[in-house]
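Architecture at a glance
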Amino acid sequence: MTEKEFLDVMNEILDMEEPVVLETALDDVEEWDSLSYVMFQAQMLERIGKKMEPKAVKAAKTVQDLYQLIQ
């Protein structure tokens, strides 16, 4: 998955007015909640066939951190 494809998925999941970028801090995103967390897990499994480690996803501080998990 390319960086652009990943950002498209994240913007779809978070559905914010302003698009997220890799530098976006997840703590600053009100929409990053338990539902978006589950949606992220499901989308990554569906799109790249990779199950994300829950601890690693919860430890992510930025969108970039999440992107690095799928590499």
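Our subject is the structure that appears above.
Throughout what follows, the structure given in this document is the object of discussion.

What counts and what doesn't
Residues numbered from 1 in each chain as written. Predicted model: local features only at pLDDT ≥ 70, side-chain atom pairs only at ≥ 80, totals over all residues. Heavy atoms only, no water. Patch = residues over 30% accessible without salt bridge, like charges linked within 9 Å, V, L, I, M, F, W, Y side chains within 5 Å. Areas by Shrake-Rupley, 256 points an atom, 1.4 Å probe, with all protein chains shown as cover. Salt bridge = Lys/Arg side-chain N within 4 Å of Asp/Glu carboxyl O. Lys, Arg positive; Asp, Glu negative; His and termini not counted. Charge placed at Lys NZ, Arg CZ, Asp CG, Glu CD. Helix = DSSP H or I, 4+ residues; strand = E, 2+ residues; numbered from the N terminus. Core = buried A, V, L, I, M, F, W, Y, C linked by side-chain atoms within 4.5 Å. Buried < 20%, exposed > 50% of the residue type's maximum accessible area, 1.4 Å probe, protein only. Contact = heavy atoms within 4.5 Å. Expected span 1.5 Å × (residues − 1).

1. A closer look at a negative patch on the surface
Taken together, the side chains of Glu12, Asp15, Glu17, Glu18, Glu30, Glu31 and Asp33 define an acidic patch exposed on the protein surface. Structurally, the position occupied by Glu12 is in helix H1 (residues 3-14).

2. Some remarks on the nonpolar core
Among the nonpolar cores identified, the biggest contains 21 residues, and Phe6, Met10, Trp32, Phe40, Val63 and Leu66 are the most heavily contacted of them. Those elements that provide at least two residues to this core are H1, helix H2 (34-48) and helix H4 (63-69). At six residues, H1 tops the list of elements feeding residues into this core. In this structure, Trp32 is in contact with Met10, Leu14, Leu26, Tyr37, Phe40, Val57 and Leu66, ignoring residues within four places of it in sequence.

3. Section: the environment of Ala25
As for its position among the elements, Ala25 is in the loop between H1 and H2. For the pair Ala25 and Met39, spaced 14 residues apart in sequence, the C-alpha separation works out to 18 Å. Setting aside anything within four residues of it in sequence, one finds Ala25 in contact with Lys61 and Thr62.

4. Focus on H1
Because an α-helix completes one turn every 3.6 residues, residues spaced three or four positions apart along the sequence face the same direction. The end-to-end C-alpha distance of H1 is 16 Å, a good match for the 16 Å that twelve residues give at a rise of 1.5 Å each. As for H1, its buried residues are in contact with H2 and H4. At the C-terminal side of H1, Asp15 shows a positive phi close to 50°.

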